[in-house]
Every structure is written in C-alpha cells, then in structure tokens.
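Breakdown of the fold
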Amino acid sequence: SLCKAGFAVICPDCLGFESRRPLEYERVANPFLDGAAYERHLFMDYLLRGSTLQAKYIFDYSRAVDILSSLPEIDASRIGAMGHSLGGQEALWLCWYDPRVKAAVCNCGAAIIADLQRACINHNFAMYLPSLLSSGMDMNDVISQIAPKPFALFYSADDPIFPSSSVRKLSSIVKTSYETTGAGDAFVYREFPG
C-alpha cells in the first residue's frame, strides 16, 4: 500500500531471516542453522569478532539507504524507515544512526531493556549491545537522541514481550525529551488494544 500511495520502498531482510539464512536442505540437515539457533550463532560470531549483530544490521540498512539515495527518481532528503517488531527496532536504530533517515515508525519494537531484563523477557539477539545498560543508557535514551526527527512509536497493549508499563514509561520519557528540544509534536505514541 505504500507503493500505491506513491512511495518508493526497499524491504531488506535481516541477516539470518528469509532469503538471508541457509538454504532449506541445509537447515533440515543441521537444526542449528535454523530459527533462533542460527540467530544465536550469528550473534555470538559477531561478538567473538569484536562486533555485534546490531552493528551488522545497521551497516546493511545503511547500504539500503545508499541504494535509495543513488536513484535519480528518489528525493534523498525524504527517506524514512518503518517496521514491525524486529523491523521496528531496526527502523529506530537506523534513524538514530544514519542522518539521511529523516523519520521513523516503530511498531511493537521498543521498551526499556532494563525492565525486560528484570522480567526475564528475552528478545531478538540484536537488541543486546555490550555495556549499553552499564553505560547508563537504555532505549529511551536512544530514541530521545533521534529528536528532532519525527518518530512514531506504536504499541499493542497486550503484547507479552513488551510490558505495557515499560512502553508507557519509555514513551513518557521520550515525549519529555522531545519537548525539551522544542520538537514535542515530532514524537507520536499510540497504544492499541489487543
């Protein structure tokens, strides 16, 4: 529907998912090459080599922005990112990292990580960055640093892996940060039932 509305869209797969995972016969022969086991392998491999899976994802998505920006029919000053769940998480990180991304929408992809840790709620492996919490940062800080770029956070109230109290707290902190920078209207939070 974005294409029908006149937007140019690029939909890259994350490493380890869809077309960027081992072939089906390889996954059948080796269960460690499938699903969460393969994502875990990728996470540990990047960590052992001094990087993170999150860094790889940001690198890949920045290359997608390179491609979009290079096309003559694209207005490179109007690039945005959006996604759901892991895709929403990646949209927010890309918007935080890449100044060419001017706005982002994160649907069911963010909460305060310290809250998730206290509740023993595991997420995708790219969410975990060495020293993030010990540095005094959390996802509310990352999203706050996106200001004054427009950012929308959508959330489903009954999502079991993103506790409503954490998402509401995150959105309140981010809203205050956006207002402090004079960009209060650029942050939108919407919660949906179910």
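Small disclaimer: the values here were computed from a predicted structure and weren't measured.

Turning our attention to the overall build of the protein chain. Counting its regular elements, the protein chain contains 7 helices and 4 strands. Secondary structure elements of the protein chain, listed N to C terminal, follow the sequence α-α-α-β-α-β-α-α-β-α-β. Taken against the 2.2 N^0.38 rule, which gives 16 Å for 194 residues, the C-alpha radius of gyration of the protein chain at 17 Å falls within 12% of a compact globule. Residue pairs at least 24 apart in sequence account for 66% of intrachain contacts in the protein chain once pairs closer than 6 positions are excluded. Accessible area for the protein chain stands at about 10600 Å²; split by element, carbon and sulfur atoms hold 59% of it. Once the 17 positive and 21 negative side-chain charges of the protein chain are each reduced to a mean point, those two points are 2 Å apart.

Moving on, we come to helix α2 (residues 35–48). Residues separated by three or four positions in an α-helix point in the same direction, a consequence of the helix having 3.6 residues per turn. Relative to the 20 Å expected for 14 residues at 1.5 Å per residue, α2 spans 20 Å between its end C-alpha atoms, a close match to the ideal helical length. Along α2, the positions that sit buried rather than exposed are Tyr 38, Glu 39, Leu 42 and Phe 43. End-on view of α2: buried residues confined to an arc of 140°, all on one side of the axis. With respect to the buried face of α2, the exposed residues turned more than 90 degrees away are Ala 36 and Leu 48. Each element contacted by the buried residues of α2 is listed here: α3 (53–70). Backbone geometry just downstream of α2 places Gly 50 in the positive-phi region, at approximately 85°.

As a further point, take a nonpolar patch on the surface. Taken together, Leu 2, Phe 7, Val 9 and Met 82 make up a surface patch of nonpolar side chains, about 380 Å² in accessible area. Inspection of the secondary structure assignment puts Phe 7 in the segment before α1 (24–29).

On to the pattern of salt bridges. Applying the stated criterion across every chain, the model contains 11 salt bridges. Of the charged contacts in the structure, one is a salt bridge between Arg 21 and Asp 34, with a shortest N-O distance of 3.8 Å. Separated by 13 residues along the polypeptide, Arg 21 in the segment before α1 and Asp 34 in the loop between α1 and α2 bring together distant segments of the chain. The salt bridge involving Arg 63 is made with Asp 66; its shortest N-O contact spans 2.7 Å.

Along a regular strand, successive side chains alternate from one face of the sheet to the other. With 6 bridges joining them, strand β3 (residues 151–156) and strand β4 (residues 187–192) adopt parallel strand pairing. Bridge pairing in β4 places Phe 154 opposite Arg 190. In the classification by handedness, the crossover that spans β3, the intervening helix α7 (residues 164–180) and the parallel β4 is right-handed.

Here we take up the pairing of strand β2 (residues 101–107). Relative to β2, strand β1 (residues 79–84) runs parallel, the two sharing 6 bridges. Note on β2: the bridge partner recorded for Ala 81 is Ala 104. Taking the sense of rotation as the criterion, the β-α-β connection linking β1, helix α4 (residues 86–97) and β2 turns out right-handed. With 4 bridges joining them, β2 and β3 adopt parallel strand pairing. Residue pairing across strands places Asn 107 opposite Phe 154, the latter belonging to β3.

Analysis parameters
Residues numbered from 1 in each chain as written. Predicted model: local features only at pLDDT ≥ 70, side-chain atom pairs only at ≥ 80, totals over all residues. Heavy atoms only, no water. Helix = DSSP H or I, 4+ residues; strand = E, 2+ residues; numbered from the N terminus. Rg over C-alpha atoms; globule rule 2.2 N^0.38 Å. Contact = heavy atoms within 4.5 Å. Areas by Shrake-Rupley, 256 points an atom, 1.4 Å probe, with all protein chains shown as cover. Lys, Arg positive; Asp, Glu negative; His and termini not counted. Charge placed at Lys NZ, Arg CZ, Asp CG, Glu CD. Expected span 1.5 Å × (residues − 1). Buried < 20%, exposed > 50% of the residue type's maximum accessible area, 1.4 Å probe, protein only. Arc of directions from axis to C-beta. Patch = residues over 30% accessible without salt bridge, like charges linked within 9 Å, V, L, I, M, F, W, Y side chains within 5 Å. Salt bridge = Lys/Arg side-chain N within 4 Å of Asp/Glu carboxyl O. Pairing = 2+ DSSP bridges. Right-handed = clockwise from strand over helix to strand, strands pointing away.

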